[in-house]
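# Survey of secondary and tertiary structure
Read off the chains here:
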Amino acid sequence: MDIRAVITDRTFIGKHLSDSIEDYPEGLVIPVNKPWRWTSADVIRKIKWLACKNFHKKNLKVGHAGTLDPLATGVLLVCIGKATRLAESLQKEGKEYLAGITFGATTPSYDLEKPVDRTWPIDGVSEESLRAVLGQFIGEQEQIAPLFSAKSIDGIRAYELARHQYIEAGKAKTDVMEDFDHSVADMLSRQKINIYGMELLSYSPCGIPEEETVREDPSLRPNPRINVEDNSALGLPHAMIRVACSKGTYIRALARDLGEAVGSGAHLDSLCRTRSGGFTTESSLSVEEACSLFIVPERQY
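Read on for a plain summary of the structure. (Residues numbered from 1 in each chain as written. Predicted model: local features only at pLDDT ≥ 70, side-chain atom pairs only at ≥ 80, totals over all residues. Heavy atoms only, no water.)

## So, the overall build of the protein chain
What counts is decided by this rule: The helix count covers DSSP runs of H or I at least four residues long, the strand count covers runs of E at least two residues long, and both are numbered beginning at the N terminus. Using a 1.4 Å probe on the protein chains alone, a residue whose accessible area is under 20% of its type maximum counts as buried, one over 50% counts as exposed, and one in between counts as partly exposed. The criterion used for residue contact is that any of the two residues' heavy atoms lie within 4.5 Å. Only the protein chains shown count as cover for residues, and the accessible areas themselves come from Shrake-Rupley with a 1.4 Å probe.
Along the backbone of the protein chain there are six helices and 14 strands. Residue burial in the protein chain is summarised as follows: out of 301 residues, 52% are buried. Restricting to contacts in the protein chain with at least 6 residues of sequence separation, those with at least 24 account for 78%. Only carbon and sulfur atoms are counted for the fraction: they give 49% of the accessible area of the protein chain, which is about 14900 Å².

Right under this line is the structure:
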């Protein structure tokens, strides 16, 4: 894809942007490595505030090319100025992820934002069984999105229907919902996706290895509204899988389907988008590095 906007990747470390947006007639694209427990909107809000101060604008178009779940990390493309026109095209590019998947338990959100609602047999879960089923997920297919998603059912966001179950049951969003009705997701229209490749990188029969545990960056303050459950005490089978896929693929839904394929249940315990189009985590800036591109008086920062 031909990008005429200025790309401020790791080659820009130690440099600053000018104080005039007119110096960037095609806009700016900043590949940011989104932190864990930050929403994509948190990143945009932070950078937009700094960009408006740096360029002396009361308002400035700032957006992203493809959201990431709060508990996911990795490449988030931040577009500024006229580069926001590129967002839709950038979003259509292929993606690559590293997905940590726990087998033997499901959650309503298919990740760690919600507590486990059901446990499943793990007799059929092994390194061999996972390698045997990966091939059946390669290629074009239809996927049902998670109920906790922005998809719509008769004009209502799916996540609103999911939350309504908690309200009806008199439960808080962090409470265990053992009777959560996953079948409501069947009302969602199936989305055509394409899985280009899947590779099992590691398998542990008794929990997440220490080196694959997601750790919070102590220098960043996480969004306090983002809940994360600690299921490590369950000691369930864990796999790390590389996935190359098309736009619109829900890796949380893929984890669900993998669990079913081996006769169990499953949920994501970690997710990192390692590539979006031609952008990678290696070329992306941390939030602090992205912020340092802008010159803002310390008293305003």
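## Observations concerning the pattern of salt bridges
Pairing between side chains becomes possible if they bear opposite charge and their charged atoms approach one another. Note the cut-off: Salt bridge, as used here, is a side-chain nitrogen of Lys or Arg placed within 4 Å of a carboxyl oxygen of Asp or Glu.
Inspection of every chain in the model, using the stated rule, returns eleven salt bridges. Of the charged contacts, one joins glutamate 96 and arginine 275 as a salt bridge, the two residues approaching to 3.9 Å between their closest N and O atoms. Here glutamate 96, found in strand β5 (residues 95-103), pairs with arginine 275, found in strand β13 (residues 266-276); they are 179 residues apart in sequence, far enough to count as distant. Judged by its relative accessible area of 21%, glutamate 96 falls in the partly exposed class. When salt bridges that share partners are traced, they join Glu96, Glu199, Arg242 and Arg275 into one network.

## A word on the environment of glutamate 26
Tracing the backbone through its elements, the reader meets glutamate 26 in the loop between β1 (6-7) and β2 (28-34). Each C-alpha atom of the pair glutamate 26 and alanine 5 lies 4.6 Å from the other, and the pair is 21 residues apart in sequence. Excluding its chain neighbours within four sequence positions, the residues that come into contact with glutamate 26 are Arg4, Ala5, Lys82 and Ala83.

## What about helix α1 (residues 40-54)?
Stated formally: Each residue after the first adds 1.5 Å to the expected span of a helix.
When the terminal C-alpha atoms of α1 are compared, their 21 Å separation across 15 residues agrees well with the 21 Å that a helix rising 1.5 Å per residue should span. Residues Ser40, Asp42, Val43, Ile44, Ile47, Leu50, Ala51, Cys52 and Asn54 constitute the buried set of α1. Against β2, β3 (62-64), β4 (72-80) and α6 (287-291) lie the buried residues of α1. Where α1 ends, the next residue or the one after it, histidine 56, has phi of about 55°, a positive value.

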